[in-house]
Amino acid sequence: ISANVKNPMAEEAFYNMGLLLAQMGRYSEAQNMLERFLDRYPKRTDVLSTLGNAYDVQGKTDLAINAYKKWLGYYPKHADRKIVYPKLASAYRLKKELDNEINLYLQWIKETEAESERPYIGLADAYYEKKLYKTAIETYEKALKVEKDKKDIDWAKLRIGASYLALGKKDDAGKIFQEVAKEAKTPIIKKTAHETDAGLQQEKKRLQEGVQSLRVA
């Protein structure tokens, strides 16, 4: 496209072509088009979120992170922040940049007025991945107070059990896994909780049998 910089119609046609290519899944072409568009119209920073997504789906994670961060910096009050935030958080997770992911979630929570819309589970997952299990438990428990989605509730409870297990608190973990195995609505989570609890019960039984054999001896 040969666009006249001073022609608003040409500018929008250029922009819309990049969006269309992205919508069609032609991400490499969309990337090329949107990069050219941004070079020609540097004030059109709104394109950064779409460009970031084009990078993201191609596995160009560093470029995606840079684009998402720039977009968030340019638009501190934009309604689409709640769309860009999880994309950036996922990119940070992929790069194992857990400190950046945690700080991002904290910022997201800070600017989200409705507690029911705060991404506590995402933050708790990041704490869990960083092996900050006590903080993860506290954050999952916050999520359980406001979360309504059954799958997210099941996931939060399962991760609380896993966090107790990682802390060596097997009895606490067992109680949680038993509860999840009984009440969870998500089949894979229900199965995982049941199998993990069964493993803990077998381990406890072996330990008791070992102690009993020592007494007999």
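Please refer to the structure placed before this passage.
Given the structure is predicted, the values throughout are model-derived calculations rather than measurements.

Caption draft 1: Seen up close, the pattern of salt bridges. Evaluated as defined, the whole model comprises 13 salt bridges. Close ionic contact of Arg44 with Glu12 constitutes a salt bridge, the shortest N to O distance being 2.8 Å. Of this pair, Arg44 sits in the loop between helix H2 (27-40) and helix H3 (48-57) while Glu12 sits in helix H1 (residues 8-23), placing them 32 residues apart in sequence. Residue Lys170 is joined to Glu203 by a salt bridge in which the shortest nitrogen-to-oxygen separation is 2.3 Å. One end of the pair, Lys170, is in helix H10 (residues 170-183); the other, Glu203, is in helix H11 (residues 187-216), and 33 residues separate them in sequence.

Caption draft 2: View of the packing of aromatic side chains. Evaluated as defined, the whole model comprises nine aromatic pairs. Consider the rings of Phe37 and Tyr41, whose centres lie 5.0 Å apart with planes at 45°: the pair is tilted. Relative accessible area serves as the criterion here: at 6%, Tyr41 is assigned to the buried category. The interplanar angle of 15° and the centroid separation of 5.2 Å between the aromatic rings of Tyr85 and Trp108 together place this pair among those described as stacked. One end of the pair, Tyr85, is in helix H5 (residues 81-94); the other, Trp108, is in helix H6 (residues 98-110), with 23 residues separating them in the sequence. Residue classification places Tyr85 among the buried residues on the basis of a relative accessible area of 1%. What links up through ring pairs into an aromatic cluster is the set Phe14, Tyr15, Phe37 and Tyr41. For the cation-ring pair, Arg44 lies above Tyr15, with the distance from its terminal atom to the ring centre recorded as 4.6 Å. Over the ring of Tyr128 we find Arg159; its NZ or CZ atom is 3.9 Å from the centre of that ring.

Caption draft 3: View of helix H9 (residues 150-166). Between its terminal C-alpha atoms H9 stretches 24 Å, which fits the 24 Å expected from 17 residues at 1.5 Å a residue. Here H9 has its buried residues at Ile153, Asp154, Ala156, Leu158, Arg159, Ile160, Gly161, Ala162, Ser163 and Tyr164. The N-capping residue of H9, defined by a side-chain oxygen 3.1 Å from the backbone nitrogen of Lys151, is Asp149. Positive backbone phi, approximately 85°, marks Gly168, located one or two places after H9.

Caption draft 4: Geometry of unusual backbone geometry. For Lys96, which is not a glycine, the phi torsion comes out positive at approximately 60°. If you trace the backbone, Lys96 turns up in the loop between H5 and H6. By relative accessible area, Lys96 is classed as exposed at 71%. With a phi close to 70°, Lys131 is a non-glycine residue in the positive phi region. Inspection of the secondary structure puts Lys131 in the loop between helix H7 (120-129) and helix H8 (133-146). Here Lys131 falls in the exposed class, since its relative accessible area comes to 61%.

Caption draft 5: Representation of the packing of helix H4 (residues 61-74) against H5 within the structure. Running from N to C, H4 and H5 point in directions that differ by 150°, and their axes come no closer than 10 Å. Where H4 crosses over H5, the two elements pack in a sense that is left-handed. For the pair H4 and H5, contact is made by Thr61, Ile65, Tyr68, Lys69, Trp71 and Leu72 and by Arg81, Val84, Tyr85, Lys87, Leu88, Ala91, Tyr92 and Leu94, respectively. Residues belonging to the contact of H4 with H5 are distributed by class as follows: 10 nonpolar, one polar and three charged.

Caption draft 6: Quick look at a nonpolar patch on the surface. Together, Met17, Leu20 and Met24 give the surface a local cluster of nonpolar side chains, amounting to about 260 Å² of exposed area. Structurally, the position occupied by Leu20 is in helix H1. When its relative accessible area of 39% is taken as the criterion, Leu20 is described as partly exposed.

Criteria and thresholds
- Residues numbered from 1 in each chain as written.
- Predicted model: local features only at pLDDT ≥ 70, side-chain atom pairs only at ≥ 80, totals over all residues.
- Heavy atoms only, no water.
- Salt bridge = Lys/Arg side-chain N within 4 Å of Asp/Glu carboxyl O.
- Helix = DSSP H or I, 4+ residues; strand = E, 2+ residues; numbered from the N terminus.
- Phe/Tyr/Trp six-rings, centres within 6.5 Å; stacked < 30°, edge-to-face > 60°.
- Buried < 20%, exposed > 50% of the residue type's maximum accessible area, 1.4 Å probe, protein only.
- Lys NZ or Arg CZ within 6 Å of the ring centre and 35° of its normal.
- Expected span 1.5 Å × (residues − 1).
- Polar contact = N/O pair within 3.5 Å; in protein donor to acceptor, adjacent residues only side chain to side chain.
- Axes fitted to C-alpha atoms, helices over the stretch in contact; angles between N-to-C directions.
- Left-handed = near helix turned anticlockwise from the far one by under 90°.
- Contact = heavy atoms within 4.5 Å.
- Nonpolar A, V, L, I, M, F, W, Y, C, P; charged D, E, K, R; others polar.
- Patch = residues over 30% accessible without salt bridge, like charges linked within 9 Å, V, L, I, M, F, W, Y side chains within 5 Å.
- Areas by Shrake-Rupley, 256 points an atom, 1.4 Å probe, with all protein chains shown as cover.

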